[in-house]
Amino acid sequence: MLKAAANSRPALWLVLVLPGLWIAWRWIATPQLYGYGHAIGDSGDWAAWLLMATLAVTPLRLMFRKQAWTIWLMRRRRDLGVASFAYALAHTVMYLIRKGSPEFAFAELSTPYILAGWIALALFLPLAITSNDFSVRRLKRSWKRLHRLVYPAAILAFLHWVWSAFDPTTAWIHVGILAAIEIVRVALQQRQRVT
């Protein structure tokens, strides 16, 4: 029964949705204590954490090839990526609602962290749309090329975080973790090509 739950996509999505439900409940139940600032910050954090988890799957798979849990992660990597996009989209929707009109939102496009966030979201959009079996079959080799957009999108998303944070220390720590993930991935892929 536990194995069936671990392999269940609905069960995984229930887990992935829980932080969003927690954010919504806290905002509705205690708007004075947990307002817009907390909600938009937490949704952005979850988008970043799930993005890092998605990007960590490849190096983990390369390091632990024969482990069942890395095979499970590879099969669920697209789900993690789509969940990251969903939290980023919720983050953006909250921002747009707060601004109240498209004119106010467009007026802030010249701000570097706002522009970086919008470009990151635009790059993530085709990745989220094509994160399904039909698109993988239809696009064939082009699918992998398209999904390499995740790397510039991730850089822009983390720049958005660093530039928008009141205290960028936490954001910089996460940038360091992201950089470590990517350095390990590139090193392992290079070693794989050599051997």
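Because the structure is predicted, anything quoted here is derived from the model rather than measured. (Residues numbered from 1 in each chain as written. Predicted model: local features only at pLDDT ≥ 70, side-chain atom pairs only at ≥ 80, totals over all residues. Heavy atoms only, no water.)

Draft legend 1. Representation of the packing of aromatic side chains in the model. Scanning the entire structure with this criterion turns up five aromatic pairs. Measuring from centroid to centroid gives 5.5 Å for Trp 22 and Trp 25, while their planes differ by 20 degrees, and the two rings are stacked. Remark: Trp 25 and Trp 22 occur in helix α2 (residues 9–29); sequence separation between them is three residues, near one turn of the helix. Accessibility expressed as a relative area gives 53% for Trp 25, which makes it exposed. Where Phe 64 meets Trp 69, the ring centres are 5.4 Å apart and the plane angle is 45 degrees; that geometry is what we call tilted. On the accessibility criterion, Phe 64 (35% relative accessible area) is partly exposed. Grouping aromatic residues by their ring pairs yields a cluster made of Trp 46, Trp 49 and Tyr 87. (Phe/Tyr/Trp six-rings, centres within 6.5 Å; stacked < 30°, edge-to-face > 60°. Helix = DSSP H or I, 4+ residues; strand = E, 2+ residues; numbered from the N terminus. Buried < 20%, exposed > 50% of the residue type's maximum accessible area, 1.4 Å probe, protein only.)

Draft legend 2. Here's a closer look at the confidence of the model for the protein. Looking at the protein as a whole, the pLDDT averages 92, with 96% of positions reaching at least 70. When mean pLDDT is compared element by element in the protein, helix α6 (residues 112–129) scores highest at 96, while helix α1 (residues 2–6) scores lowest at 63. (pLDDT = per-residue confidence, 0-100.)

Draft legend 3. How the structure looks around a nonpolar patch on the surface. Where nonpolar side chains cluster on the molecular surface, the patch consists of Leu 14, Val 17, Leu 18 and Leu 21 and spans about 360 Å² of accessible area. Considering the arrangement of structural elements, one finds Leu 18 in helix α2. A residue is classified by how much of its surface remains accessible, and Leu 18, at 45% relative accessible area, is partly exposed. (Patch = residues over 30% accessible without salt bridge, like charges linked within 9 Å, V, L, I, M, F, W, Y side chains within 5 Å. Areas by Shrake-Rupley, 256 points an atom, 1.4 Å probe, with all protein chains shown as cover. Salt bridge = Lys/Arg side-chain N within 4 Å of Asp/Glu carboxyl O.)

Draft legend 4. Here's a closer look at the packing of α6 against helix α9 (residues 150–164). Two numbers describe how α6 lies on α9: the axes approach to 8 Å, and their chain directions differ by 150 degrees. In terms of orientation, α6 lies roughly antiparallel with respect to α9. In the crossing of α6 with α9, the sense of the turn from one axis to the other is left-handed. Of the residues in α9, those in contact with Pro 112, Tyr 113, Ile 114, Ala 116, Gly 117, Ile 119, Ala 120, Leu 123, Phe 124 and Leu 127 of α6 are Val 150, Pro 152, Ala 153, Ala 154, Leu 156, Ala 157, His 160, Trp 163 and Ser 164. When its residues are assigned to classes, the contact of α6 with α9 shows 16 nonpolar, three polar and no charged. (Axes fitted to C-alpha atoms, helices over the stretch in contact; angles between N-to-C directions. Parallel < 35°, antiparallel > 145°, perpendicular 65-115°, else oblique. Left-handed = near helix turned anticlockwise from the far one by under 90°. Contact = heavy atoms within 4.5 Å. Nonpolar A, V, L, I, M, F, W, Y, C, P; charged D, E, K, R; others polar.)

Draft legend 5. Local environment of unusual backbone geometry. Phi is positive for Lys 140, close to 50 degrees, though the residue is something other than glycine. Mapped onto the elements of the fold, Lys 140 is located in the loop between α7 (133–139) and α8 (141–147).

Draft legend 6. Up close: a positive patch on the surface. Where like charges cluster on the molecular surface, the positive patch consists of Arg 141, Lys 144, Arg 145, Arg 148 and Arg 193. Among the elements that make up the positive patch, the one with the highest residue count is α8 (three residues). Structurally, Arg 141 is set in helix α8. (Lys, Arg positive; Asp, Glu negative; His and termini not counted. Charge placed at Lys NZ, Arg CZ, Asp CG, Glu CD.)

Draft legend 7. Summary view of the nonpolar core. In this structure, Leu 51, Leu 55, Phe 124 and Phe 158 are the most contacted members of the largest nonpolar core, which totals 31 residues. Those elements giving two or more residues to this core turn out to be α2, α3 (36–63), α4 (68–99), α6, α9 and α10 (169–194). Top element by residues in this core is α3. It accounts for eight residues. Those residues in contact with Phe 124 that sit more than four places away from it in its chain are Leu 51, Phe 85, Val 150, Ala 153, Ala 154 and Ala 157. (Core = buried A, V, L, I, M, F, W, Y, C linked by side-chain atoms within 4.5 Å.)

Draft legend 8. Main features of the packing of α2 against α4. Between α2 and α4, whose axes approach to 10 Å, the crossing angle comes to 20 degrees. Between α2 and α4, the angle is such that the two are roughly parallel. As α2 packs across α4, the resulting crossing turns out to be right-handed. Residue-level inspection shows Arg 9, Leu 12, Trp 13, Leu 16, Val 17, Leu 18, Pro 19, Gly 20 and Trp 27 of α2 in contact with α4, the latter providing Trp 72, Arg 75, Arg 76, Asp 79, Leu 80, Val 82, Ala 83, Tyr 87 and Met 94.

Draft legend 9. Molecular detail of α3. Over its 28 residues, α3 extends 41 Å from the first C-alpha to the last, a length consistent with the 40 Å expected when each residue adds 1.5 Å. Val 57 marks where α3 bends most, by close to 30 degrees; the proline Pro 59 follows one to four residues later. (Expected span 1.5 Å × (residues − 1). Bend = angle between axes of the 7 residues up to and from the residue.)

Draft legend 10. Here's a closer look at α9. The terminal C-alpha atoms of α9 lie 21 Å apart, and with 15 residues this matches the ideal 21 Å at 1.5 Å per residue to within 8%. Here α9 has its buried residues at Val 150, Ala 153, Ala 154, Phe 158, His 160, Trp 161 and Val 162.

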